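Report on the structure
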Amino acid sequence: MNLDWLDAFLISGLFDIAMVTGLALLLHLQLGLARIANFGVVGFWGLGMYTYGVLYIQVDWTIADPWRFLICAAAGTIVAGLAGLLVGWLIADLDDDGVLVGTLGFATAVFILATTEQDLTGGAIGMGGLRFPFDVGSTKANESLWLLILVLLVAAILFYVARVHRSPYGRLLVALGDNEPLARSLGKATFRVKLGQFALGSAGMGLLGVMFGVMERFLETSNLGINLTLAAIVGLVVGGTARVWGPLVGVLFTVGLFDIVIQSYLPLPRSWYNQAIPVLREMAFGAALIIVLLYRPFGILGDMRRDKLMRRIHGD
Amino acid sequence: MVTERSEVATVTRPRIHIHGARKSFSERVVVDIDDLILGEHPIEGLIGPNGAGKTTLMRMIMHSTSLDEGKISLLPTGSKDDVPVVLSSMHPHKMAKHGVVKSNQVIMDFEKLTIWDSLLLSLTEARYEQPQRIFSESEVFAEHADEARKYLDLFEFADPFGHAESAGEKKLLDIVRCLLLKPRFLLLDEPTAGLPDELTERVMQVIRDLAATGTAVVIVEHDLNVIWNLSDKVHFMAEGSVILGGDPQEIREHSTVIAKYLGEGHV
């Protein structure tokens with residue numbers, strides 16, 4: 001297959017779109033359905049990435065890839081999930097402000113740990129030595145295959161989210177996000193459900209962090225800033241917090257539009273790319289968020305339509 | 001005969017024992033009950049003036065309002081598998097599993113869920129509500145749809161696939177959600193408030209049928225016709241305490257009830 005059109009910049013841009021879409025989909029279950037305002041996305045993502053990276057590099061492995069990769073990736077996912085369990089336990093009964101501050105605080109703690117534990121993580125200098133768990137030829141071929149694997153993973157997350165909407169579990173998440181005391185009075189163990197959802201979502205975010213670590217092959221603490229969390233949240237809100245396709249539409253409209261279309265096809269001065277572009281990016285995301293909240297407060301796709309869904313799956 | 005406290009009767013249904021239960025808000029005592037047993041009769045009414053503490057007592061039973069002191073227990077029905085359960089230290093979500101269920105005085109609904117959703121939520125067992133059970137909706141629907149349809153037909157909801165729109169629909173939905181939990185002890189806080197007469201009669205009939213099958217029902221209601229028509233026993237509550245208990249006719253004619261609540265010439 002001719003892949004000449006797929007240059008390194010486009011691979012990187014598509015990878016970002018797919019990864020942020022995956023994060024926004026996981027956030028959709030937490031924020032869109034269960035109304036858990038997780039602002040610590042980058043913390044769980046980073047914890048997965050660094051757990052993977054540290055194990056892969058610092059442990060004297062006697063086994064080779066792909067088993068080495070699989071073990072480290074599983075560890076990254078599990079550690080992120082366990083962190084989600086711990087953070088979720090601390091915040092599950094807090095109000096929205098408490099959840100926001102608690103999750104932001106967790107992300108900051110991960111950043112500080114990655115920066116200060118230099119012996120393990122390389123600190124601010126970073127840590128290299130990661131590689132793909134396969135070798136199919138050129139760097140471009142490996143990166144393309146890794147991009148394809150990520151797209152399949154995100155497609156699986158999208159399928160799962162779509163099925164959750166049609167399942168009793170999805171109904172329960174909507175109920176506890178909508179009116180938790182009422183759900184509790186119906187015998188629903190809301191604390192446990194929120195905790196489970198938080199841990200599951202965090203594990204998924206950790207796995208996406210692993211995927212990013214492999215793609216970059218170099219871990220830097222600069223990746224652990226708030227930008228990633230904002231990209232996922234803005235994408236989700238712009239597309240439609242409560243809609244299955246909201247994360248994909250929103251991320252395409254924000255990250256896709258800016259990172260691919262504007263950066264690739266607009267004749268921007270080369271000197272902008274170091275300093276100005278990242279700032280402009282955040283400004284553009286902020287503007288998109290404000291415009292959408294003003295004119296489409298439920299996002300481009302609008303609010304949840306359980307009436308249509310229920311008619312479709314149970315109607316005559 | 002009017003009694004100062006609950007009378008003893010042959011018990012075949014679960015009862016709730018309230019012992020030394022007190023609750024204050026801002027140093028004002030709202031509920032102060034030394035000893036009271038609810039559920040000795042199939043349907044019991046709880047009446048009293050506004051601020052008497054009826055709703056707070058209901059919320060204390062459900063542990064959605066914590067007690068300052070005292071204990072509330074669910075007493076066994078007499079079957080050998082049934083053991084006393086302390087409700088006042090129980091997580092609120094476990095109440096329903098023990099069959100203790102309450103409808104809400106103020107309208108409470110899931111704004112984002114349809115009527116069908118709401119009923120299926122009540123009916124669905126925890127084993128189906130697991131993150132990995134993403135294909136179980138059809139199983140749940142096949143298992144429970146008929147139970148839900150019975151009430152959808154009885155109360156003639158305008159569009160069961162849509163959201164409950166009116167206050168009356170939301171009130172009915174709240175009651176039906178409770179009924180679908182198959183309560184052993186049902187607390188109803190003003191269940192017919194805002195409902196038209198025809199629907200009020202249907203709700204009353206459903207409550208009678210439920211009580212006939214062994215469920216204990218306690219009902220707080222300001223529409224006293226509902227209390228007099230439904231109740232086998234009425235408790236009169238004032239200033240945080242249950243001060244009288246007896247059959248409906250005796251309570252409505254009692255001088256204390258007339259003086260504190262009903263007023264002269266109510267009969």
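Since the structure is predicted, the reported quantities are computational estimates derived from the model, not experimental observations.

A word on the domain arrangement of chain B. All names here are of chain B. Each assigned domain of chain B is listed with its residue range as follows: domain 1 (2-109 + 182-262) and domain 2 (111-163). Using C-alpha coordinates to define each centre, domain 1 is positioned 28 Å away from domain 2. For the pair domain 1 and domain 2, the two sides together bury roughly 590 Å², of which 52% comes from carbon and sulfur. Taken as a group, Asp109, Arg202 and Val206 account for 68% of the area that domain 1 buries against domain 2, more than any other trio of residues on that side. The tally of links between domain 1 and domain 2 comes to two salt bridges. Among the ionic pairs, Arg202 bridges to Glu156, the shortest N-O distance being 3.8 Å. In this structure, the connection of domain 1 to domain 2 is made through two residue pairs in polar contact (both at pLDDT 80 or more). Looking at the side of domain 1 that touches domain 2 residue by residue, the classes come out as three nonpolar, no polar and three charged.

Moving on, we get to a nonpolar patch on the surface. A cluster of nonpolar side chains, namely Trp245, Phe253, Leu257, Val261, Tyr265, Ile300 and Leu301 of chain A, defines an oily patch on the protein surface of about 670 Å² accessible area. Relative to the helices and strands, Val261 of chain A resides in helix H11 (residues 246-265).

On to helix H7 (residues 168-178) of chain A, then. Counting buried positions along H7 of chain A yields nine of 11 residues, so the element is predominantly enclosed. Of all the positions in H7 of chain A, only Pro168, Tyr169, Gly170, Arg171, Leu172, Leu173, Val174, Ala175 and Leu176 of chain A are classed as buried.

Right, let's get into the sheet that holds strand S4 (residues 69-75) of chain B. All names here are of chain B. Spatially, four strands are ordered S2-S1-S4-S5 in an open sheet, and the strand pairing comes out antiparallel. The strands lining the two open edges of the sheet, one partner per strand, are strand S2 (28-38) and strand S5 (85-86). Judged from the six bridges that link them, strand S1 (residues 15-25) and S4 form a sheet pairing that is antiparallel. Paired with Ile16 across the bridge in S4 is Leu74. Of the strands in this sheet, S1, S2 and S4 are in contact with helix H1 (residues 54-61), which crosses S1 at around 115 degrees.

This part is about the packing of helix H3 (residues 67-91) of chain A against helix H9 (residues 190-216) of chain A. Residues and elements named next belong to chain A. Contact pair H3 / H9: the axes reach a minimum separation of 7 Å and the direction vectors enclose 145 degrees. The handedness of the crossing between H3 and H9 comes out as right-handed. Residues Phe69, Ala73, Gly76, Thr77, Ala80, Gly81, Gly84, Leu85, Val87, Gly88, Trp89 and Ile91 of H3 form the contact with H9, whose own contacting residues are Phe191, Leu195, Phe198, Ala199, Ser202, Ala203, Gly206, Leu207, Val210 and Val214. Of the residues in the contact of H3 with H9, the class split is 15 nonpolar, seven polar and no charged.

Rules behind the numbers
- Residues numbered from 1 in each chain as written.
- Chains lettered and ligands numbered in written order.
- Predicted model: local features only at pLDDT ≥ 70, side-chain atom pairs only at ≥ 80, totals over all residues.
- Heavy atoms only, no water.
- Domains from an automatic or database assignment.
- Buried area = accessible area lost by both parts, 1.4 Å probe.
- Salt bridge = Lys/Arg side-chain N within 4 Å of Asp/Glu carboxyl O.
- Polar contact = N/O pair within 3.5 Å; in protein donor to acceptor, adjacent residues only side chain to side chain.
- Nonpolar A, V, L, I, M, F, W, Y, C, P; charged D, E, K, R; others polar.
- Patch = residues over 30% accessible without salt bridge, like charges linked within 9 Å, V, L, I, M, F, W, Y side chains within 5 Å.
- Areas by Shrake-Rupley, 256 points an atom, 1.4 Å probe, with all protein chains shown as cover.
- Helix = DSSP H or I, 4+ residues; strand = E, 2+ residues; numbered from the N terminus.
- Buried < 20%, exposed > 50% of the residue type's maximum accessible area, 1.4 Å probe, protein only.
- Pairing = 2+ DSSP bridges.
- Contact = heavy atoms within 4.5 Å.
- Axes fitted to C-alpha atoms, helices over the stretch in contact; angles between N-to-C directions.
- Left-handed = near helix turned anticlockwise from the far one by under 90°.

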